[in-house]
Amino acid sequence: DNIALNIGPFLEVGNPNAPFPDLNFDVDWRDTFARGQSQGDFLTFSAGNFPLSALNFPPPGTGADIGQLRGTLTSAEAVVNLANESLEGDIVVERLGLGYIGAGKLAGKVRFADSLATLTGGELQLNENSYTVNGRVAIDGPEPVYSADIQTAGGDIQGILAALSIYQLEDFRR
C-alpha cells in the first residue's frame, strides 16, 4: 500500500482567482490504483481495479430504491477541468450492475459536467452478445434521473431481459 501526494506551491493564498497549485499523486491500495498530475486547470489521471460499491451510489434516502451500483472499474483514463468542475475520459467496467440489474463488461467515453453524467460510444458485453449503449444520469434534482439507448446488431432480447431480471410479465412492474 502506498500514498504519495505533492501539492504546491500556493502562489496567492486567499485569492479565489489564483491558479491551481501543481498537484501529482500516486495511490496504490491492495489491487486498486490511481495516478494523476495537474497542469494549470487540468488534472490528468488514470485509475483501475476500483470497486464501484465504494461510491455508495445512489446514496441512501434519495428515493432511488433500485439498489446499489456494483462492479469493478478496471481502467479509467480521464481529464478533469478544475476550473469548471467537469470530467471527460474513457472507462472499462467489469461485472457492472445496479441493484437487481446485472451486466457484463462496459467500455465507453464518459463526461460529467453541470450535474449530468453521460456515456457515449459505449459497448456492453453481455454473455455472448454485444450492445451499443449511450446513456445519461442527471443528479441535479432530489432523485437521479436515468435514460439510456441500447442497440444491438447481433444480440437478442433474451439477454437484455435476463440482465434486467425480467422473467415474467409481473417483473415489468418494478
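The numbers attached to residues start from 1 for each chain and follow its sequence in the written order. Thresholds applied to this predicted model are a pLDDT of at least 70 for local features of residues and 80 or more for the giving and counting of side-chain atom pairs; totals over whole chains, interfaces and linings are not thresholded and use all residues. Neither water nor hydrogens contribute to the side-chain values; these are computed over all heavy atoms in the structure.

Here a strand is any run of E in DSSP of at least two residues, a helix any run of H or I of at least four, and the numbering for each starts at the N terminus. Counting secondary structure elements, the protein contains one helix and 12 strands. In the protein, the succession of α and β elements from N to C terminus is β-β-β-β-β-β-β-β-β-β-β-β-α. Burial classification: accessible surface area is computed with a 1.4 Å probe over protein chains only, and a residue below 20% of its type maximum counts as buried, one above 50% as exposed, and the rest as partly exposed. Split into buried and exposed, the 174 residues of the protein put 28% on the buried side. Counting only contacts in the protein whose residues sit at least 6 apart along the sequence, the fraction spanning at least 24 positions is 32%. Residue-level accessible areas treat just the shown protein chains as cover; the underlying method is Shrake-Rupley with a 1.4 Å probe. For the protein, the accessible area works out to roughly 11300 Å², and carbon and sulfur atoms hold 55% of it. Residue contacts follow a heavy-atom distance rule, with two residues in contact if any of their heavy atoms lie within 4.5 Å.

Our next topic: the side chain of threonine 32. Residue position: threonine 32 is located in strand 3 (residues 32–39). According to the relative accessible area criterion, threonine 32 is buried, its value standing at 16%. Identification of polar contacts relies on pairs of N or O atoms within 3.5 Å, with a donor-acceptor requirement for protein atoms, meaning one able to donate a hydrogen and the other able to accept it, and with residues adjacent in sequence counted only if both atoms are side-chain atoms. Within polar-contact distance, the side chain of threonine 32 engages the backbone oxygen of asparagine 49 at 2.7 Å. Beyond its immediate chain neighbours, meaning those up to four positions away, threonine 32 contacts Val27, Gly48, Asn49, Phe50 and Pro51.

It is worth spelling out the pairing of strand 7 (residues 86–98) at this point. For two strands to count as paired, DSSP must find a minimum of two bridges between them. Bridge count between strand 6 (residues 69–81) and strand 7: 11 bridges; the pairing is antiparallel. In the strand pairing of strand 7, threonine 72 is matched with glutamate 94. A loop of four residues connects strand 6 with strand 7, the two strands running antiparallel in sequence, and glutamate 85 in this loop sits at a positive phi of about 55°. Bridging between strand 7 and strand 9 (residues 105–113) involves seven bridges; their strand directions are antiparallel. From the neighbouring strand, valine 92 faces strand 9, where its bridge partner is alanine 107. Where strand 7 lies against strand 8 (residues 101–102), two bridges are found, and the strand directions are antiparallel.

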